[in-house]
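Listed here are the chains, written in short residue letters.
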Amino acid sequence: MIRDLARRALRNTAGNRGRAVFPHDIDFSLRGFPPWTQYGRFAFRSVTTAAADTQFDAFATRVIAATGKSYLPIYRMADGEFSLLLGYRRPRGVGRSLRARAKGVLVEGASRLRLRGFGTMWGERFSRAEILRARDRLAELLPALCNDGVVAAYFMHREDRWGDEYVEPMLRWFEQHGIALTERNYVPFYFVYALLNGPRRHELFGGRHVLVATFAESRRNEAIRKGLIATGAREVSFLPISRSRAMFDQVHHAGDDKPDIALVAGGIGAINIIAQLANLSIPAIDCGITIECFIEPNRRRERPFLSTDV
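Presented here is a report on the structure given in the accompanying data block. (Residues numbered from 1 in each chain as written. Predicted model: local features only at pLDDT ≥ 70, side-chain atom pairs only at ≥ 80, totals over all residues. Heavy atoms only, no water.)

So, the packing of helix α3 (residues 79-86) against helix α6 (residues 164-176)
Now for step 1: One way to put it is that α3 packs onto α6 with a least axis distance of 11 Å and a crossing angle of 60°. As the angle between them shows, α3 and α6 are arranged oblique. Where α3 crosses over α6, the two elements pack in a sense that is left-handed. Contacts between α3 and α6 involve Asp79, Phe82, Ser83, Leu85 and Leu86 on the former and, on the latter, Tyr166, Pro169, Met170 and Trp173.
Now for step 2: When the residues that make up the contact of α3 with α6 are grouped by side-chain class, the tally is seven nonpolar, one polar and one charged. (Axes fitted to C-alpha atoms, helices over the stretch in contact; angles between N-to-C directions. Helix = DSSP H or I, 4+ residues; strand = E, 2+ residues; numbered from the N terminus. Parallel < 35°, antiparallel > 145°, perpendicular 65-115°, else oblique. Left-handed = near helix turned anticlockwise from the far one by under 90°. Contact = heavy atoms within 4.5 Å. Nonpolar A, V, L, I, M, F, W, Y, C, P; charged D, E, K, R; others polar.)

Take a look at the structure:
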């Protein structure tokens, strides 16, 4: 009974922390994008009461103003990044079978005890020793990134409660590492997709030299180049990184023509590449699946804010 009371008190404390950081829930719809109904009610946790369009326009304007002029790192964080830092957490969503729940318990226990490695949907694979290195690197880089730029974190509200299990533990992690999330350094995860794929993408890419950090493959790069040129980019160049080891890569941009903006497709390890692009004094954006959509356009149907209705 004492243990149950302690757990309940811990849950209440965590809930209070989340409400203190994000006192508002904002319905997530943006001009120029069709409604996304697959998640039921779709909202994001917010520092302010401003509507989604207002917050997005402020973010987009800031990035566009920095293009070609100043370093602005932008890193997306969702279940992959969260589980690397915290260990696997069982989903809280409804409708999961007893077998799935039992598997979740075993996976979570193994993760916390570090009895297994770590992998992501993008093919990243870390050994037990590499998990510790990756965690240390992430913990080293995130405070500086949140000071200089923006973390686009998956602190959402969905009817299926996807991702809820990480919200309070991640807020506690940020607090323990001295990171205060504010209007300046936090935006909802999907703002990045909306910027790169929505109506304001022409302002961002039009007439610009875009540097793309991704693994080298000629046909892949050509599709990315064509997609960005069609969006209005003046020039596209590439910075090769490893396919699944970006967290441990060392890179150097040696081009003569300074780019105006960098897109980094490095999975969880994108933050490591972004940090190494600081000397270019340009926005460096963890672009994720946006790059894949230039190669496989049908993937725009997979997630919100990857395609527009205008």
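Text resumes after the structure shown.
Some points on the environment of Asp25
Now for step 1: Mapped onto the fold, Asp25 is located in strand β1 (residues 24-27).
Now for step 2: Judged by relative accessible area, Asp25 falls into the partly exposed class, the value being 29%.
Now for step 3: Considered as a pair, Asp25 and Phe42 are 17 residues apart in the sequence and their alpha carbons are 9.7 Å apart.
Now for step 4: If we skip the residues at most four places from it in the chain, Asp25 touches Arg19, Arg41, Phe44, Arg45 and His157.
Now for step 5: Reaching out from Asp25, the side chain makes a polar contact with the side chain of His157 at a distance of 3.3 Å. (Buried < 20%, exposed > 50% of the residue type's maximum accessible area, 1.4 Å probe, protein only. Polar contact = N/O pair within 3.5 Å; in protein donor to acceptor, adjacent residues only side chain to side chain.)

Thoughts on the pairing of strand β12 (residues 283-286)
Now for step 1: The alternating pattern of β12 places Pro283 and Ile285 and Ala284 and Asp286 on opposite faces, both of which are buried.
Now for step 2: The pairing of strand β3 (residues 72-77) with β12 spans three bridges and is classified as parallel. Along β12, the bridge assignment pairs Ile74 with Ile285.
Now for step 3: By the bridge criterion, three bridges tie strand β11 (residues 261-264) to β12 in an arrangement that is parallel. Paired with Val264 across the strands is Asp286, a residue of β12.
Now for step 4: Read from β11 through helix α10 (residues 270-276) to β12, the crossover connection turns out right-handed. (Pairing = 2+ DSSP bridges. Right-handed = clockwise from strand over helix to strand, strands pointing away.)

A short note on unusual backbone geometry
Now for step 1: One non-glycine residue, Arg161, adopts positive backbone phi at about 65°.
Now for step 2: Topologically, Arg161 is positioned in the loop between β7 (156-158) and α6.
Now for step 3: Phi is positive for Phe305, which is not a glycine, with a value near 65°.
Now for step 4: Along the polypeptide, Phe305 turns up in the segment after α11 (289-295).
Now for step 5: For Phe305, a relative accessible area of 7% translates into the label buried.

No statement about biological role is implied by the geometric values presented.
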